[in-house]
Amino acid sequence: MARTDAKKDVVIVGLGWTGAIMGMELAQEGLEILALERGPNRETVPEMRYPNMIDELSQGERHNMMLRPAQSTVTIRRNLNETALPMRKWGSFLLGNGVGGSGVHWNGQNWRPQPIEMQLRSHIRDTWGEEIIPEDMTIGDYPVTYDELEPYFDRFERVAGITGAAGNINGEVQEGGNPFEGWRSGDYPMPPLPVTYNGIKFAEAARAMGYHPFLRPGGNASTSYVNEYGMQMGACNFCGFCERYGCYQYSKSSPQTTILAALFRKPNFSYRTGAEVLRVEMAADGQTATGVTYFDEEAGEEVFQPADIVILAAYQIENVRLMLLSGIGTPYDPVSGQGVTGKNYGYQITGSTSMFFRDEHFNPFIGSGINGVCIDDFGMSANDFGALGFIGGAYISSAQTNGQPIRSMPLPQDTPAWGAEWKSGIAEWYGHQMSIGHHGSVMSYRGHYCDLDPTYRDRHGRPLMRITFDWHPNELRMNAYLKEKIEEIARSMQPDVMQSSYKDYNSRYDVRPYQTTHNTGGTIMGATPETGAVNRYLQAWDKHNVFVTGAGAFVQNTQYNPTGLVGGLAYWAVDAIRRQYLRNPGPLA
Amino acid sequence: MRIAIYALLAGASALAVGWGTAISSQWWFAPKLTTEVDASDPDLIARGEYLARAGDCVACHTAPGGAPFAGGLGLQTPMGTIYATNITPDPETGIGSYDYGDFERAVRQGVRPDGAHLYPAMPYASYRVVSDEDMQALYAWFRSSVEPVRKENQPTTIPWPASLRWPLAWWNMLFSQPRDFTPPEGGDPVIARGAYLVEGLAHCGACHTPRGLAYEEKALSEDAGGSFLSGSVLEGWYAKNLRNEDTGLVTWSEEELATFLKTARNDRTAAFGSMSDVVEHSLQYLTDDDLTAIARYLKSLKPRAGREQWVPQEDVTTAALRAGDFSAPGALTYVEHCTACHRLDGMGAPEVYPALKGNSMVFADDPSSLIQVTMAGGRMPDTPAHPMAFTMPGFAHLTNADLAELMTFIRNSWGNHASSVAEADIARMRHEIANKPTHYAPEAGQ
């Protein structure tokens, strides 16, 4: 029944951002590489072609670009006492699928973490003492520092074609940038895009209050751009169809626009779509992996693909699942606190205030995924955790990413949701609204983790991933603090109507409304096998030829969108593979 | 009756003389060379490889997905399909038994060793000017470095009597006389090098020079009437006017032209259709010096009288579109379907989305290419230096009326001015695209 294919030097599971980076960098070493992608092929033309792509019903509502829950899904519960149930329609987060992965359907918002976020436990201990850390908070230090990663953040930004204005070049604070950001060795590869009126208005209000507004950095091109692989992008036109869509015009940073066509030219690289990896196979002695077994959709059979190096480059959730299914690392036990695989699942907390101005026009149909002005005055490095009573931070921004008709019709909350009054509400308020929101950190906790569901299985009979997560008082306190700060700014802008949407102290995690696809942890990095599933080079502690990329490595989530750290870690890890591992295969730490 | 018999006899003997003349003509005009070529000389081989790229031999002599140079690609002609032959050094099915003299006669004179004439789909009329040294290098490379492939040649689908090859000798006498390369006046060695490549191996005229009734290129080098490289329609594409004149290349700088030839893209336009293949298979491999020479030579082609400059009209379109005035016929269709990439100012983005403003493909005398690329889409080549094959999707789903209005709008906006496009033109192109031989069909991306 199972077929065995010819051995490769490297097999990569998943062809999204990190699979493409790993593939490209290792292909340059002349290795024979095969990438296995669960979903379909996707190219700008025809799969994302204009105008078919920008169909909100298909993409925005029915999630055509996403993993079909019938193929695979997750189960969710909020604590150890609940029974997890499977998600049958995506809500809180959207799992990508197909070539390009989530790098196709993201907005493009790209940040680096702050230096202190990488050594958070030490920073707290040195500043306030470890006693301010709640008993069940399992935060730690990443086993790699910001300074070590800086060249790799820079590399990823240059490959991905990130626009923005630097706030700190080699320690010198730059006018117009984010003064709270970590140092960078050079400016962004492209200047920022212009911003819409809401951003200008927010910037004025924020500046008047003594804050430091700056344009959001990210992967929406502002000029024609060529990266180190010869890949090109053209300037964004603010069509307002980024998140949930593939970019039809080569303007959004994605594996397709920045890596894949150059990678596909390499004769030593190949990839298969419709190839869902079922498990990593182990050598008899259990010390190394021998390859992976995948289900070949077209042939309808299982295939064993032998390889010397296995790279798990799937989404965080699938990476954790493959590790647990394959016996890589010790499964985490939330009761004893022992084990590492599945530990420290993290997410993001958000909230926003909406403002309506009867006499102002915001033209919401003009937007881009990164469009917006931010302030970082309430970020991690600015917050006095000891005095504030919570550990965390957030950036605040006024975004305008789209004016799509189904999901972007904000109305004052007393307006009916349907009927004639809804229509007249739309007529009265469409285009007169802007909002200010926050994007905040979520710490790691003993009870927030991923494991294999005891009940629900996928079509191959494998247990689904079970996520246990809920809001913790620490984050809810931070959220209340940010609500106060945002409402203060909003009030200063004197809107005709103002309404807020934040979690309160009784809020429980609700998987239905979309919040963010920033799922982190579970394959966390650690300085020792007791504290991490992978070492500082994303190498599995107990299987030296298995590397695990992606946001699963995050010890705790940062306050920012994760892609910058994901990309930086991928370049950092592959550099270690190129320089050290290929010469001398074995544990790198 | 007697007169009829005489007439028949006279006719028969004329035909016999004609036939005799034709089949023996090769011996008068084309004595077989006896030069010995050292096919193991590495320098000669290396030069031959470069020249084979310049000649783009691979483009026609390789079937889609087939072995290089093993032939099989079908070329549509009005008479039927001609299949390019196997030119690998296989002794039985390829050119493995050719000595240099055989090779030279086939490439430069269009005659096979068995005396049969090649169809002029093979651009031997252009290759006449290729130098002996270059011919020898080509021979050395084909003999030594191309992988021999055993693959029988496929007969043409041209029906009898058109399939008879001997009348081609007359065609040759009329249209492919032996000639040596004559450098253009002025003595500039760079221009001379450009002319040598353009007229010869690169055979640019095969697509870009209009053809006469007998399928002959109206000029094989610069001519007094200025028909050389003045633009021609082929498989529904208008291979643009390359002369240094209004709808030709007068608005292009030498650098822009050289960049385009190397990368298939520059700040004003992008290659599509067959030109995309030419860059992918041939031009990207040429040295910068040779590309500059080609560009400089093309820029030296004299404009025809009254066509010296391109004088754009005032751009009133940008302001109108920016003000939300879509009242011009075609404007709304443009804004709905084209603005995303080509923008309200018709300027696109450098190296990525071609400009429509001031783009001489857009306001060319013949709108075929504009119509076809709009309906069927286009794809830039992907090359090692520029792996990004930017692709324009096709818009054939729009109605003929909408497309005709749109084409007319684009040809007459942002200062462009050109003839209008009729619904019948769109209908004709729709038919042409639907009946296109698959080997040249662009990916419509539907």
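Scoring rules and cut-offs
- Residues numbered from 1 in each chain as written.
- Chains lettered and ligands numbered in written order.
- Predicted model: local features only at pLDDT ≥ 70, side-chain atom pairs only at ≥ 80, totals over all residues.
- Heavy atoms only, no water.
- UniProt positions renumbered as here; feature names shortened; annotations may be inferred.
- Axes fitted to C-alpha atoms, helices over the stretch in contact; angles between N-to-C directions.
- Helix = DSSP H or I, 4+ residues; strand = E, 2+ residues; numbered from the N terminus.
- Parallel < 35°, antiparallel > 145°, perpendicular 65-115°, else oblique.
- Left-handed = near helix turned anticlockwise from the far one by under 90°.
- Contact = heavy atoms within 4.5 Å.
- Nonpolar A, V, L, I, M, F, W, Y, C, P; charged D, E, K, R; others polar.
- Pairing = 2+ DSSP bridges.
- 1 Å grid on protein atoms, 1.4 Å probe; cavity = no way out; pocket = protein on both sides within 12 Å on 5 of 7 lines; lining within 4 Å.
- Points joined across faces, edges and corners; volume = space filled by probe spheres on them.
- Domains from an automatic or database assignment.

- Looking at an unreviewed UniProt entry, one finds chain B named Cytochrome c, with Szabonella alba as its source organism.
- UniProt annotates chain B under Subcellular location (unreviewed entry) with the comment "Cell membrane".

- An unreviewed UniProt entry annotates chain A as GMC family oxidoreductase of Szabonella alba.
- We quote the UniProt Sequence similarities (unreviewed entry) comment for chain A here in full: "Belongs to the GMC oxidoreductase family."

Quick word on the packing of helix α6 (residues 146-160) of chain A against helix α13 (residues 563-581) of chain A
The angle between the axes and the distance between the axes are what describe a pair of packed helices.
Residues and elements named next belong to chain A.
Here comes step 1: Packing of α6 against α13 leaves a shortest axis separation of 8 Å and a crossing angle of 110°. When the axes of α6 and α13 are compared, the pair comes out roughly perpendicular. Handedness of the α6/α13 crossing: right-handed. Two secondary-structure elements touch here, α6 through Glu 148, Leu 149, Tyr 152, Phe 153, Arg 155, Phe 156 and Val 159 and α13 through Thr 563, Gly 564, Leu 565, Gly 567, Gly 568, Leu 569, Tyr 571, Trp 572 and Asp 575.
Here comes step 2: Taken together, the residues of the contact of α6 with α13 sort by class into nine nonpolar, four polar and three charged.

What to know about the sheet that holds strand β8 (residues 214-215) of chain A
Residues and elements named next belong to chain A.
Here comes step 1: Spatially, β8-β16-β17-β18-β15-β21 is the arrangement adopted by the six strands of the open sheet, whose pairing is antiparallel. For this open sheet the edge positions go to β8 and β21 (497-501), each flanked by a neighbour on one side alone.
Here comes step 2: In the sheet, strand β16 (residues 372-375) pairs with strand β17 (residues 394-399) via four bridges, with the strands oriented antiparallel. Across the sheet, the residue bridging to Ile 375 is Ile 396, located in β17.
Here comes step 3: In this fold helix α7 (residues 197-208) packs onto β16, β17 and β18 (433-440), with an angle of close to 20° to the strand it touches most, β16.
Here comes step 4: This element, helix α12 (residues 473-492), spans β15 (349-356), β16, β17, β18 and β21 of the sheet and lies at about 20° to β15.

Looking at the UniProt feature "domain: Glucose-methanol-choline oxidoreductase C-terminal" (unreviewed entry) in chain A
Here comes step 1: Mapped onto this structure's residue numbering, the UniProt feature "domain: Glucose-methanol-choline oxidoreductase C-terminal" (unreviewed entry) falls at residues 457-567 of chain A.
Here comes step 2: Between the first and last C-alpha atoms of residues 457-567 of chain A the distance is 31 Å; the span itself is 23% helix and 14% strand.

Structural notes on the UniProt feature "domain: Cytochrome c" (unreviewed entry) in chain B
Residue and element names in this part refer to chain B.
Here comes step 1: In this structure's numbering, the residues bearing the UniProt feature "domain: Cytochrome c" (unreviewed entry) are residues 43-146, 189-302 and 325-414.
Here comes step 2: Helix makes up 41% of residues 189-302 and strand 5%, with an end-to-end C-alpha separation of 18 Å.
Here comes step 3: Split by type, residues 325-414 is 36% helix and 4% strand. Its first and last C-alpha atoms lie 14 Å apart.

Notes on empty space enclosed by the protein
Think of a ball as big as a water molecule: rolled over the atoms, this probe shows where empty space is left.
Residues and elements named next belong to chain B.
Here comes step 1: Here the structure, examined in full by the defined rule, presents six cavities of 30 Å³ or more.
Here comes step 2: Put simply, the largest cavity is a space of about 520 Å³.
Here comes step 3: If you go around the largest cavity, you meet 34 residues; those closest to its centre are Cys 341, His 342, Pro 354, Met 392 and Pro 393.
Here comes step 4: Those elements that place two or more of their residues in the lining of the largest cavity are α15 (339-342), α16 (368-376), β5 (378-379), β6 (391-392) and α17 (400-411).
Here comes step 5: Residues that form the lining of the largest cavity fall into these classes: 25 nonpolar, eight polar and one charged.
Here comes step 6: Split by domain, the residues of the lining of the largest cavity number at least three in each of domain 2 (189-300) and domain 3 (317-434).

Thoughts on the sheet that holds strand β5 (residues 85-86) of chain A
All names here are of chain A.
Here comes step 1: As summarised here, the arrangement of the four strands in space is β5-β4-β20-β19, forming an open sheet in which the pairing is mixed. If you trace the sheet from one side to the other, it starts and ends with β5 and β19 (449-457), each paired once.
Here comes step 2: Here strand β4 (residues 74-77) pairs with β5 via two bridges, running antiparallel. Its bridge partner lying in β5, Ile 76 is registered against Leu 85.
Here comes step 3: Against the sheet, helix α9 (residues 316-326) makes contact with β4, β19 and β20 (463-468), and its axis sits at roughly 120° relative to β20, the strand it touches most.

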